[in-house]
Amino acid sequence: MDSLGLFILLMLGCFQWTAAPAAEEITWTYTGLVGQSEWSEYFPDCGGTSQSPIDVVTTQTKYDPSLIPVIPLGYSQHGNKPFTLYNNGHTAVIELPEWMGLEGLPWLFTAVQMHLHWGSGGPSHGGSEHTINGLSADAELHVVHYNSELYPNMSAAMTQRDGLAVLGILIVTGEETNPAFNNIINYLSRIKHADQKVSIPAFDVQTLLPKDLGRYYRYNGSLTTPPCYQSVIWTLFHERVQISKAQLLKLETILYSSKVSDPDKMLLQDNYRTTQPLNHRVVFTSFSAESGKELSSGEVTAIVIGVMCGCVGLAVIVRFIVKTIRFFTLLHHETVVVNSSTSSWDVLPSNRPAPMPRTKEPEKAKEKKQDVALNSTSEAEKKEEPSPSPQTEP
Ligand SMILES: *[C@@H]1O[C@H](CO)[C@@H](O)[C@H](O)[C@H]1NC(C)=O
Ligand SMILES: *[C@@H]1O[C@H](CO)[C@@H](O)[C@H](O)[C@H]1NC(C)=O
């Protein structure tokens with residue numbers, strides 16, 4: 001009886017242990033045993049209907065004129081306190097000071113941390129989480145904030161709808177080195193292994209962002225890693241930032257997802273989630289696709305001058321054509337009067353009036369002859385007076 005009771009207890013314990021492991025204990029990955037497709041088995045929210053990242057199909061976005069530019073607060077005021085750079089086995093994280101925040105959303109948000117997602121194959125081989133019209137960027141920066149107007153801290157906010165605001169910055173590869181990103185990339189070699197942490201000099205975080213903070217995509221989504229809470233107001237900037245190929249290669253090849261003590265070293269690569277179904281959601285844009293990008297005053301001036309030059313040019317051309325037509329018309333009349341067979345129009349099987357009208361012409365022809373004489377001597381400006389044709393005043 002005692003042994004049976006113990007057996008049952010053991011079985012129950014065993015069953016509980018295998019069926020309901022604590023979610024925090026689960027080591028999730030992007031591929032492998034607890035890869036992306038298995039996340040929802042351990043973290044139910046990962047199987048929700050408002051997940052991130054998404055593919056932004058620009059033709060299906062909706063312009064919302066109420067979306068004002070986001071305003072980073074204190075991003076440039078880093079003070080003297082160093083930042084902490086941390087390899088958590090999934091990404092490189094920089095914890096952000098609490099005086100950094102975000103305005104321009106319905107609530108005030110306080111910065112928590114920023115981290116990166118990247119690929120493995122170098123430029124043009126994916127790495128970003130969000131895609132635009134199916135196209136990936138090479139990497140993506142996320143700056144995470146919590147709603148400090150409604151919630152006391154990150155852990156309270158992260159489970160709530162409207163609890164978090166994340167800025168998404170798409171990173172592409174170009175010719176030039178981006179010095180702002182070296183503030184992170186230069187220190188990656190000091191956190192090669194999971195769980196390693198290092199203090200790095202503080203720097204102006206705003207230099208990591210694109211210049212144009214007014215054009216972005218906005219939608220309701222989730223954390224892109226377990227536990228995938230659907231608590232994020234996403235701001236994905238339209239403008240991408242550039243890093244060099246060398247910078248991208250460092251990001252892709254320096255870090256390991258394995259710990260120092262692990263016998264098998266595992267490179268930390270391709271730490272991006274595949275895009276999730278949009279379902280019922282709408283992606284809003286702060287800019288209208290039809291009107292194109294906002295124009296600077298210089299561009300406006302250039303366009304005004306261009307249009308004016310075009311109009312003047314068109315007027316000159318129209319005048320020239322009108323003049324030419326009139327000239328040839330007069331020439332034609334003249335040749336008719338002179339009865340020259342060399343006129344090209346006489347060769348054509350034209351349906352010009354037969355001999356009869358010719359007899360009536362001389363008076364008119366004389367007037368026109370004078371016109372021709374005037375035209376040939378006077379310059380273009382003086383020519384308006386003798387011509388009664390309404391076409392000469394465009
Ligand atoms: C966050 O706030 C909640 C609610 O006030 C509190 O219970 C919790 O201890 C706080 N957590 C941290 C990490 O400060
Ligand atoms: C996000 O969801 C809230 C409701 O919780 C809604 O008021 C808001 O308009 C949504 N925002 C977007 C961008 O869809």
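Cut-offs and rules
Residues numbered from 1 in each chain as written. Chains lettered and ligands numbered in written order. Predicted model: local features only at pLDDT ≥ 70, side-chain atom pairs only at ≥ 80, totals over all residues. Heavy atoms only, no water. Helix = DSSP H or I, 4+ residues; strand = E, 2+ residues; numbered from the N terminus. Phe/Tyr/Trp six-rings, centres within 6.5 Å; stacked < 30°, edge-to-face > 60°. Buried < 20%, exposed > 50% of the residue type's maximum accessible area, 1.4 Å probe, protein only. Lys NZ or Arg CZ within 6 Å of the ring centre and 35° of its normal.

## Here's the deal with unusual backbone geometry
Among all residues save glycine, negative phi is the norm, and among peptide bonds the norm is trans.
Item 1. With an omega dihedral of 0°, the bond running from Ser-52 to Pro-53 counts as a cis peptide bond.
Item 2. With respect to the helices and strands, the residue Pro-53 is situated in the loop between helix H2 (39–42) and strand E1 (55–56).
Item 3. Note that the residue after Pro-226, namely Pro-227, is joined by a cis bond; omega there is 10°.
Item 4. With respect to the helices and strands, the residue Pro-227 is situated in the loop between strand E13 (216–221) and strand E14 (232–237).
Item 5. Here Asp-270, not a glycine, exhibits a phi torsion of approximately 50°, which is positive.
Item 6. Relative to the helices and strands, Asp-270 is located in the loop between helix H5 (245–253) and strand E16 (284–285).

## A short note on the packing of aromatic side chains
Item 1. The tally for this structure, following the rule as stated, stands at six aromatic pairs.
Item 2. Plain terms: the ring middles of Tyr-30 and Trp-39 are 5.6 Å apart, the flat faces sit at 65° to each other, and that makes the pair edge-to-face. The residues Tyr-30 and Trp-39 share a single accessibility class, namely buried.
Item 3. Among the aromatic side chains, those forming a connected cluster through ring pairs are Trp-28, Tyr-30 and Trp-39.
Item 4. The lysine or arginine in question, Lys-197, covers the ring of Tyr-86, its NZ or CZ lying 5.0 Å from the ring centre.
Item 5. Between Arg-215 and the ring centre of Phe-287, over which it is positioned, the NZ or CZ distance is 4.4 Å.

As far as function goes, none of this settles anything; it's purely spatial.
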